Amino acid sequence: MLNPNHNEPECFISFKVKNSPHSYQDDCNDYELRLCLREALIKEQKYQCFYCEKKILNDTSKVHIDHIKQRDVYHKLECKYSNMALSCNEKTHCAKFKDKQEIWDDSKFLRIFSENSELQENPSDFFIYRSNGKIGVKKTLSENEKKRAINTIEYLNLNHKNLIQVRENIFLQLEMYKNNGYQIDEIYTFFNEFENLFKGN
Ligand SMILES: [Zn+2]
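Residues numbered from 1 in each chain as written. Predicted model: local features only at pLDDT ≥ 70, side-chain atom pairs only at ≥ 80, totals over all residues. Heavy atoms only, no water.

Caption draft 1: Region of the structure containing the nonpolar core. With 52 residues, the main nonpolar core has Tyr-51, Phe-127 and Leu-158 as its most contacted residues. Examining the composition of this core, we find that five residues originate from one element, helix 3 (residues 31-44), more than from any other. (Core = buried A, V, L, I, M, F, W, Y, C linked by side-chain atoms within 4.5 Å. Buried < 20%, exposed > 50% of the residue type's maximum accessible area, 1.4 Å probe, protein only. Helix = DSSP H or I, 4+ residues; strand = E, 2+ residues; numbered from the N terminus.)

Caption draft 2: Here's a closer look at unusual backbone geometry. Positive phi, normally seen in glycine, also occurs at Ser-20, with a value near 40°. Residue position: Ser-20 is located in the loop between helix 1 (10-19) and helix 2 (24-27). Ser-20 sits in the partly exposed class, given a relative accessible area of 44%. Even without being glycine, Lys-46 reaches a positive phi, approximately 50°. By the secondary structure assignment, Lys-46 is in the loop between helix 3 and strand 1 (63-67).

Caption draft 3: Highlighting the coordination of the zinc ion. Here the zinc ion is held by Cys-49 (SG), Cys-52 (SG), Cys-88 (SG) and Cys-94 (SG), and the distances to it run 2.3 to 2.4 Å. One way to put it: the four donor atoms around the zinc ion meet at angles of 103 to 118°, and that makes the site tetrahedral. Coordination of the zinc ion draws on donor residues from a single chain, spaced C-x2-C-x35-C-x5-C in sequence. Pair noted here: Cys-52 is in the loop between helix 3 and strand 1 and Cys-94 is in helix 4 (residues 94-98), with a separation of 42 residues, a long-range link. (Donors = N, O, S within 2.8 Å, 3.2 Å for Na, K, Ca; no water. Tetrahedral: all angles 85-135°; square planar, octahedral: opposite > 155°, others 65-115°.)

What follows is the structure, given as C-alpha cells:
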C-alpha cells in the first residue's frame, strides 16, 4: 500500500475557498473538479492503485476516487484531500472490497488517514513483501501495531490470490534481473508498479 497523498491540488484549494463544500457527493459534484482531483491523485500515486499498487490508467471505468475513511460515516472528512485515494475497481480487493466490510476504525486498522497528523501512520513502515508474493508485517512492530497491520491487509484483501501471483512473478523476474547485474531502481522502471515491493528488496 502506498503512503497517503498530501499535495492537495490548487484546483481543490480554490474550489473550497469559493464553494465551502460540506459534502463531497453533493457539493463537489463538478466534472472539472473531479477530473483535476483524479489527475492529482494518479500523479502522486505514480499511476498505481493506492491499495494494491497495481498499475492503473486514468480511466473512470477502471479507477475511482475512494474515501479511505468512508464518507457516508466520516462526514467531516468528505472533502479532505488526504482522505482520498485513487483505487482500482477490482471487486475482490482494494476499495470496492473494503466498502463491503465494516467501517474504517483506527483502533482496528492502520491510521492511514488521521485528523491528528502526529498519529498518522505510513503503510511502508508496517508491511513487507515476501518472495512468495505475500504481504506480511514487520517483525519490529509492537503487538498492537502487528494486529492492526494484519487486520488492514485482510480488510483490503491484499493477499488475494491474483495479487500474490502477480507479485510472486515479479519477484522471479527481479531475481533474474539482479543476477544480470541490474540495480533495483533500474529494475523498478521496467515495471512501474508495486513500488514498495521494490523498495524493500
Ligand atoms: Zn487495487
